[in-house]
Amino acid sequence: MTTTVRTRVAIVGAGPAGLLLSHLLDRAGIDSVVIDQRSRDEIESTIRAGILEQGTVELLDDLGPHSRARTVGHRHDGIELRFEGEGHRIDFAETVGRAVWLYPQHEVLKDLVAARLAAGQDLRFGVTAEAIADAETDRPRVLARDAEGRPLQIEADFVVGSDGSRSVARAAVTGSSQGGYFREYPFAWFGILCEAPPSADELIYSNSPDGFALVSQRSDTVQRMYFQCDPDTDTAAFTEEQLWDELQKRVPGTTLKQGPIFQRDVLRFRSFVAHELRRGRVALAGDAAHTVPPTGAKGMNLAIADVRLLAEALRRSLLEGDERALDAYPEAASRRIWKAQHFSWWMTSLLHVTPDATDFDRRRQVGELRSVVESAHGRAALAEAYTGWPFPS
Ligand code: PHB
């Protein structure tokens with residue numbers, strides 16, 4: 001026996017995109033059902049990047065006290081680019097008058113889940129979408145299974161696939177689960193979380209002959225750091241001492257404050273944009289639509305930028321019968337997506353050392369870094385992208 005649920009918007013995936021979309025739709029008086037195959041605990045504990053653009057924080061302010069980005073997170077007015085052993089600060093306040101907030105994605109998710117549950121959102125964990133049917137009719141359906149394996153179908157006016165990079169919804173839009181522009185990189189990040197005081201007040205993006213490292217923070221007692229590694233690196237392959245050596249040699253000029261490492265992961269680098277973002281009454285948002293490498297921390301910010309457009313487009317379509325914004329969604333979203341793709345690729349190529357880099361490549365890269373930090377325009381362009389391009393009104 002299949003259980004059928006009826007709603008206006010069925011949202012597949014309770015990540016930042018799906019949850020924020022349900023909030024914005026609710027604000028507009030549009031009901032939705034959100035499903036995710038993961039448990040609430042898994043969603044709230046998966047470690048991801050930690051930088052929020054100013055526009056993202058402003059949008060999260062709409063959650064009221066549920067958003068702790070400004071109270072628990074930390075405002076950062078700049079980053080440091082380090083190369084040839086010297087630090088160069090990119091001052092966001094001075095160049096573009098904007099800022100970013102260091103506030104980890106899983107904390108954003110805790111805020112969003114709490115806000116949605118408090119508002120009475122139909123939010124179902126442990127429910128696995130298997131396919132989207134009838135995308136090109138006005139009654140698309142999500143075919144799913146609940147936590148006990150029983151079939152569930154959600155009938156809606158519109159379906160949004162915000163189910164991450166391994167999206168099931170994507171096939172209904174692009175015709176295949178791959179269906180996109182794709183690029184891989186010959187390196188990854190080895191990430192650690194450790195118990196130690198911060199080694200710096202702001203993030204340090206460091207280029208060194210041994211490869212890239214990023215010194216990030218989480219709190220006064222927990223730090224997040226990464227170093228460039230081979231994509232096939234086994235997280236167990238290093239002792240703690242070796243990890244500190246790898247990190248330290250890539251950040252000359254700063255003595256890293258060490259402490260017990262309690263989490264390690266390898267983040268693969270991929271750039272991906274789905275060939276299509278909408279088909280009929282199904283649209284993609286967030287990682288289901290695009291993936292960026294982590295340099296520059298654009299992933300979640302881009303997901304939230306998609307949803308900003310999509311929520312308004314759905315409001316006009318569902319409440320006013322005006323389809324124009326929905327028709328324009330793929331093109332409007334793509335503009336920012338490709339800017340963020342370029343920026344993430346560029347920050348990556350600016351700072352990492354490819355395995356086959358020649359002496360020419362190394363010297364050219366330092367020349368490029370100097371062109372950025374020694375130019376007011378170069379610093380401003382980086383700051384503008386990093387803090388997030390303003391949204392067209
Ligand atoms: C992080 O703190 O996890 C982080 C920060 C900046 C990035 C990527 C990741 O560019």
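Residues numbered from 1 in each chain as written. Predicted model: local features only at pLDDT ≥ 70, side-chain atom pairs only at ≥ 80, totals over all residues. Heavy atoms only, no water.

This brings us to the site of the ligand. In the region of the ligand, 15 residues are neighbours, and Tyr205, Ser216, Arg218, Tyr226 and Gly296 sit closest. Measuring from an oxygen atom of the ligand, one finds a backbone N or O atom of Pro294 at 3.1 Å. A distance of 3.3 Å separates an oxygen atom of the ligand from a polar backbone atom of Ala297. Protein contacts shield 99% of the accessible area of the ligand, which totals 280 Å² for the unbound molecule. For the shell around the ligand, the elements supplying multiple residues, two or more each, are strand S16 (211–217) and strand S17 (222–229). Considering only residue class, the shell around the ligand consists of 9 nonpolar, 4 polar and 2 charged. Summarising the domain contributions, the shell around the ligand has at least three residues from each of domain 1 (3–76 + 98–182 + 271–348) and domain 2 (185–265 + 354–387). (Near = heavy atom within 4 Å. Polar contact = N/O pair within 3.5 Å; in protein donor to acceptor, adjacent residues only side chain to side chain. Areas by Shrake-Rupley, 256 points an atom, 1.4 Å probe, with all protein chains shown as cover. Helix = DSSP H or I, 4+ residues; strand = E, 2+ residues; numbered from the N terminus. Nonpolar A, V, L, I, M, F, W, Y, C, P; charged D, E, K, R; others polar. Domains from an automatic or database assignment.)

With the rule as written, the count across this model stands at 15 aromatic pairs. The interplanar angle of 75° and the centroid separation of 5.7 Å between the aromatic rings of Tyr181 and Trp338 together place this pair among those described as edge-to-face. In this pair, Tyr181 sits in strand S14 (residues 180–195) while Trp338 sits in helix H9 (residues 324–351), placing the two residues 157 residues apart along the sequence. Overall, the relative accessible area of 41% leaves Trp338 in the partly exposed class. (Phe/Tyr/Trp six-rings, centres within 6.5 Å; stacked < 30°, edge-to-face > 60°. Buried < 20%, exposed > 50% of the residue type's maximum accessible area, 1.4 Å probe, protein only.)

Our focus in this paragraph is the domain arrangement of the protein. Assigned domains of the protein: these are domain 1 (3–76 + 98–182 + 271–348) and domain 2 (185–265 + 354–387). Once you take the C-alpha centre of each, domain 1 and domain 2 turn out to be 29 Å apart. The partner domain 2 presents 19 residues to the 24 residues of domain 1 that form the contact. Between domain 1 and domain 2, the buried area comes to about 1900 Å², and carbon and sulfur atoms account for 67% of it. Contact with domain 2 buries area across many residues of domain 1, yet Ile47, His76 and Trp346 alone supply 26% of it, more than any other trio. (Contact = heavy atoms within 4.5 Å. Buried area = accessible area lost by both parts, 1.4 Å probe.)

Before going further, it helps to examine the sheet that holds strand S13 (residues 158–161). Read across the sheet, 6 strands follow the order S9-S3-S2-S13-S20-S19 without closing on themselves; strand pairing throughout is mixed. The outermost strands of the open sheet, each flanked by one partner alone, are strand S9 (122–125) and strand S19 (278–279). Judged from the 2 bridges that link them, S19 and strand S20 (residues 282–284) form a sheet pairing that is antiparallel. Within the sheet, the bridge partner assigned to Arg279 lies in S20 and is Val282. Contacts between helix H1 (residues 16–27) and the sheet are confined to strand S2 (9–12), strand S3 (32–36), S9 and S13, with S2 contributing the most and set at about 160° to the helix. (Pairing = 2+ DSSP bridges. Axes fitted to C-alpha atoms, helices over the stretch in contact; angles between N-to-C directions.)

With that settled, consider the side chain of Arg281. Structurally, the position occupied by Arg281 is in the loop between S19 and S20. Within polar-contact distance, the side chain of Arg281 engages the side chain of Glu323 at 3.1 Å. When neighbours within four sequence positions are excluded, Arg281 is seen to be in contact with Ala135, Thr137, Asp138, Pro140, Asp157, Phe158, Val159, Ser317, Leu318, Glu323 and Leu326.

Along the chain, the position of Thr348 falls in helix H9. Taking the C-alpha atoms as reference points, Thr348 and Pro294, 54 residues apart in sequence, are found 8.3 Å from one another. Ignoring anything within four residues of it in the chain, the contact list for Thr348 reads Tyr185, Phe187, Phe269, Pro293 and Thr295.

Here the structure, examined in full by the defined rule, presents 38 salt bridges. Between Glu184 and Arg270 there is a salt bridge; the shortest N-O distance is 3.9 Å. In this pair, Glu184 is assigned in strand S14 and Arg270 in strand S18 (residues 261–274), connecting sequence segments 86 residues apart. Assessed through its relative accessible area of 46%, Glu184 is described here as partly exposed. For Arg270, a relative accessible area of 34% translates into the label partly exposed. Salt bridges sharing partners connect three or more residues here, namely Arg68, Glu107, Lys110 and Asp111. (Salt bridge = Lys/Arg side-chain N within 4 Å of Asp/Glu carboxyl O.)

This brings us to the side chain of Thr295. By secondary structure assignment, the location of Thr295 is in the loop between strand S21 (290–291) and helix H8 (299–320). A relative accessible area of 0% places Thr295 in the buried class. Polar contacts involving the side chain of Thr295 include one to the side chain of Thr348, which spans 2.9 Å. Excluding residues that lie within four positions of it along the chain, Thr295 makes contacts with Trp189, Tyr205, Phe269, Ser344, Met347, Thr348, Leu351 and His352.

The next thing to look at is the pairing of strand S7 (residues 86–91). Strand direction decides the pairing type here: strand S6 (residues 78–83) and S7, joined by 6 bridges, are antiparallel. Of the residues in S7, the one forming a bridge with Arg82 is Gly87. Turn length for the S6-S7 hairpin, with the two strands adjacent in sequence and antiparallel, is 2 residues, and the turn residue Glu84 shows positive phi of about 45°.

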